[in-house]
Amino acid sequence: MGGAAEAADPELEAFGVLAAEAARHSTGVPGGVLARQALAVTVGTDFGVASDALEALVSRAKAAKRDELRIVTRPRGGGRGQYRVGRRGSERRPYDVWLEAVSPPMGSCACADYGKSGLGLCKHLFAVVQAELPRLAKGRGRGGAAKSATAPTAAATATAPAATASTVGPWLGWEPVRPFTGVGDWLERVVWRAPRSAPRGVASARAAALFAPPTAPTADRRLRRLRPDDPMARREIVSTLLAAIDKGPAGCAEPALVPLLQAERDRLAQSERAVRPRDLLRHLRSLKQRLFAYQLEGVSRFLTDGRLLLADDMGLGKTAQAIAACHVLVAAGRVERGLIIVPAALKAQWAREWQLFTDLPLTVVDGSAADRARIYQRRGGGILLTNYEQVLRDLPLMQRYAPEVIVLDEAQRIKNWAAKTSAYVKQLAAPWRLVLTGTPMENRLGELSSILDWVDETALEPRWRLTSWHAVRGDGRREVVGARNLDTLRARLRPCLLRRLRSEVLGQLPSRQDTAVAVPLTAAQRAAHDDLDLPIARLAASAQRRPLTQPEFLRLMSLLTQQRIICNGLAQRDFEEVWPTLADARRPSAAMLERLASPKLLELRERIAALAVDQGRKVVVFSQWRRMLKLAHWAVGDVLGDAGVRAVFFTGDESQRRRTQNLVDFHDDPSARVLFATDAGGVGLNLQRAASCVINLDLPWNPAVLEQRIGRVHRFGQAQPVDVYALVADGGIEARIVGLVGDKKALFRGVFDGTSDVVDFAQAGTFLDRVERLVERPVVDAVALGDSSDGADDTAVELASSDGPSDTLGPVTAEPVVAVGVPALDGGAAAVGASDAATLQRLLGQISIRPLADGRVAVEAPPAVAASVATLLRGLAGLLDAQAARPPAG
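Residues numbered from 1 in each chain as written. Predicted model: local features only at pLDDT ≥ 70, side-chain atom pairs only at ≥ 80, totals over all residues. Heavy atoms only, no water.

## Overview of the overall build of the chain
Helix and strand counts for the chain stand at 35 helices and 27 strands. Per-residue burial for the chain yields a buried fraction of 52% across its 890 residues. Contacts in the chain between residues far apart in sequence, at least 24 positions, make up 73% of those at least 6 positions apart. (Helix = DSSP H or I, 4+ residues; strand = E, 2+ residues; numbered from the N terminus. Buried < 20%, exposed > 50% of the residue type's maximum accessible area, 1.4 Å probe, protein only. Contact = heavy atoms within 4.5 Å.)

## Description of the packing of helix H11 (residues 277-284) against helix H12 (residues 293-305)
Here H11 crosses H12 at 125°, and the two axes come no closer than 11 Å. One finds that H11 runs oblique with respect to H12. Relative to H12, the crossing made by H11 is right-handed. Along the contact surface, H11 presents Leu280, Leu281 and Leu284, while H12 presents Leu296, Val299, Ser300 and Leu303. Considered class by class, the residues forming the contact of H11 with H12 number six nonpolar, one polar and no charged. (Axes fitted to C-alpha atoms, helices over the stretch in contact; angles between N-to-C directions. Parallel < 35°, antiparallel > 145°, perpendicular 65-115°, else oblique. Left-handed = near helix turned anticlockwise from the far one by under 90°. Nonpolar A, V, L, I, M, F, W, Y, C, P; charged D, E, K, R; others polar.)

## Digging into the confidence of the model for the chain
Note that predicted coordinates carrying low pLDDT should not be read in detail. When pLDDT is averaged along the chain, the result is 81; 76% of the residues meet or exceed 70. Taken element by element, the chain is modelled with least confidence in strand E25 (residues 818-820), mean pLDDT 30, and with most confidence in strand E12 (residues 405-408), mean pLDDT 98. Under a pLDDT of 50 for its full length, residues 141-166 has, in the predicted model, 36 contacts with residues more than four places off or in other chains. Within the model, the stretch residues 777-837 combines pLDDT values under 50 with 123 contacts to residues more than four positions away or in other chains. (pLDDT = per-residue confidence, 0-100.)

## Considering the nonpolar core
Among the nonpolar cores identified, the biggest contains 68 residues, and Leu172, Val190, Leu241, Leu257 and Leu261 are the most heavily contacted of them. Looking at this core, the element that brings in the most residues is helix H3 (residues 47-66), giving nine residues. Once residues within four sequence positions are removed from consideration, Leu257 is found in contact with Leu172, Gly173, Trp174, Trp186, Val190 and Ile245. If you look at the next biggest cluster of nonpolar residues, it comprises 56 residues, including Ile323, Val407, Ile710 and Val724. (Core = buried A, V, L, I, M, F, W, Y, C linked by side-chain atoms within 4.5 Å.)

## Digging into the packing of aromatic side chains
How two aromatic rings sit relative to each other is given by the distance of their centres and the angle of their planes. Counted according to the given criterion, the structure contains eight aromatic pairs. Relative to Phe716, the ring of Phe292 has its centre 4.6 Å away and its plane inclined at 80°; by these criteria the two rings are edge-to-face. Note that Phe292 is positioned in the loop between H11 and H12 and Phe716 in the loop between helix H30 (703-711) and strand E22 (722-730), a separation of 424 residues in sequence. On the basis of relative accessible area, Phe292 is assigned to the partly exposed category, the value being 28%. By relative accessible area, which is 21% here, Phe716 ends up partly exposed. Positioned above the aromatic ring of Trp454, the side-chain terminus of Arg433 is 5.0 Å from the ring centre. When the ring centre of Trp417 is taken as reference, the NZ or CZ atom of Arg463 above it lies at 3.3 Å. (Phe/Tyr/Trp six-rings, centres within 6.5 Å; stacked < 30°, edge-to-face > 60°. Lys NZ or Arg CZ within 6 Å of the ring centre and 35° of its normal.)

## Considering the pattern of salt bridges
For side chains of opposite charge, pairing can occur when their charged atoms come near one another. Summed over the entire model, instances satisfying the criterion amount to 47 salt bridges. For Glu264, the salt bridge identified is with Arg234, shortest N-O distance 2.5 Å. Placement of the pair is Glu264 in helix H10 (residues 257-271) and Arg234 in helix H9 (residues 231-247), with a sequence separation of 30 residues. Here Glu264 matches Arg234 in class, with each residue buried. The salt bridge partner of Asp366 is Lys347, with a shortest N-O separation of 3.8 Å. Here Lys347 lies in helix H14 (residues 347-357) and Asp366 lies in the loop between strand E10 (362-364) and helix H15 (369-377), a separation of 19 residues in the sequence. When salt bridges with common partners are traced through the structure, they connect Arg66, Asp67, Arg87 and Lys123 into a single cluster. (Salt bridge = Lys/Arg side-chain N within 4 Å of Asp/Glu carboxyl O.)

## Overview of helix H29 (residues 656-668)
Taking 1.5 Å of rise per residue, the 13 residues of H29 would be expected to cover 18 Å, and the 18 Å separating its terminal C-alpha atoms lies within 8% of that figure. Inspection of H29 places Arg659, Asn662, Leu663, Asp665 and Phe666 among the buried residues, and these make up the whole buried set. With its buried residues spanning 160° around the axis, H29 presents them on a single face. Looking at H29, the residues exposed on the side facing more than 90 degrees away from the buried face are Arg657 and Asp668. At its buried positions, H29 is contacted by strand E18 (619-622), strand E19 (646-650) and strand E20 (672-677). (Expected span 1.5 Å × (residues − 1). Arc of directions from axis to C-beta.)

Following this line, the structure appears as structure tokens:
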């Protein structure tokens, strides 16, 4: 039963800090009560986890007031007993709540949040506590003995003439706090709290026999040792407990236990529909393509468990496994209706792959709203192929279609809890659920949790402690220096996630050669790049003193993006001015290429000439920006044209029909040698039968995106060695990004591919700390000009090609992202670059210092110089004040 098992020591510093924090919020519950609960449910962890627990508790206490929860029924006289709690004006059935005690709050609730949160409290319990606390306090204030809201004493229960579940309390209980390590099976926390008047009946006796003898006279009895790999034994336990509850008196089980048992019963019933191994092999014989052993294992695992996140490394044939699974389910008579949801750009590819593997009919959902409605409403079943955008429009039609199997491809689309796509997709229910993604986590564990929520909603719960428990903090709560407790993560992922690495089946894959090509910056590039170091460092330094405002953070990201664009070339930065002068030039001359200040284009010309022309290979060229791809196409146009070959595009800027035609040409037309693609082409495309080379014109922040690009070509079915080239601007931010993204790779590999319980990041620090390391200029010089808010708008940054409609719940206000400059020291309009030491020397040279006759010293300078130097000194004074205010290290 939830609640603080023992009162936290009020002398503890953690208790005092948490109580003070809780008191800042209007929750209707004393801060000390919330602090005590936060510490009780995080025993054995650290302050960061307890702080997150307090935040989660405060959120639920506020929700009880915000949602206007009210008590529908209460026990006579209030206090300890059975309640029903619902929302004012709602037609939904109220939740059953058992209140064991008000202070400290203890109880149980039938809501899903109580079962998953691991807090021992939920908003419904808080609603009861908020209502009962003032009543009890009022009773005490009158001098009378208030009715106790705590468990009855042994003497009281011994003299009770006819004890029932409602007066003694539930004798079947459940402990809601999931252990912080290990699998944390919820069934292991079911307990038998033997009442003074023992339950009677055959069902109750059978239930009691499931529990081991108590270790102490007053201790709860626990279930005998469970075998997670024995579904038959688990099914027997669940059925016996449900029978005892059904035949026992009202209130004999805590409210939380009943829905948990019912959900487990349904899950186990699904496993009874599993396709047996011999039937699987029999039905796979009618598949048109042969599966490899690891693919057969993936299909078998899904058809046994019914729900699976298939997270195989890119290129190992997740699509083939999904098609084979659908083929077997239909052939075995397990399903009649299915729904496959993929990115819109991949629908044609899925249809082609489907025809390669199976003769099972597949209907592509397309056309007008009326056309799509007719497809969903037609009689009979079938497998339908749709896309994520259509889920937002056709959700009611899909729900009425009631698919029995649903496949999600490129499931990163539901990695964001707040996205509309996630919310809509998760409203689709099907007994068979297969989720495909090679990158189940790109940046944060919360992304993985969101995807798994549709597969197994309890796998990584409680969500509130996911980050704090698995992150290693370097300076309190800000600095993340590593990941921990990965053994627990892997144990909890194992039942619902299957991932095989490319290295595990390397014998079936061709070789891959990765080459980083260092490309020097021109002098103009270097100057433009380094000029941005100063405002970046100033913003990062400001963030050390206070949180950045939204405009400041957008400005910071804009400046970093500008540096990446400059690494590609000044021609991309100045595209609006440069492109009109290039479009009319039929052949790029050496002089024109030099004026572009983009050495990457010169390097690309050489690579394309060697690979696509001399060797006759097909090459995929990736960039984050469409403008860079247009420049690249212009730069290599004569190289391709002279050889009688051409290039095609897949950037998201083309129509669906044009993109499909380009992919067909790239596969089938020998003259289509180069495919220019943005990261829209790095998701889901299968190019292994066409290309054998990848060139990355720029490096994304996220290593998973980089691997997605390469995985389009280096994947199962590739018959040639694959060459991967990364053009990296030497000495620019792009070269330093390599170290920054290494930490993300370490966390990803630690969770999914490793065996160690701890990961140490090579470069510790928060994002803003790492930004400072990306800037070569010393921080003291960077902040010398004072606060960054003095800047003026400078140059708008080109948005990435992946920009599109907002996918968040609720209204979103889009703001232009601009880079903001800083005032020049000499009072001019131009921003001073980080390397402009000459300007500072010139200013100081115009200051004269001379002694006066009375012993004083005169400092003289022209007005403009005096104003600039004064600004410099004020900024330096602010820096020193901030440094003096910081607590000493250690």
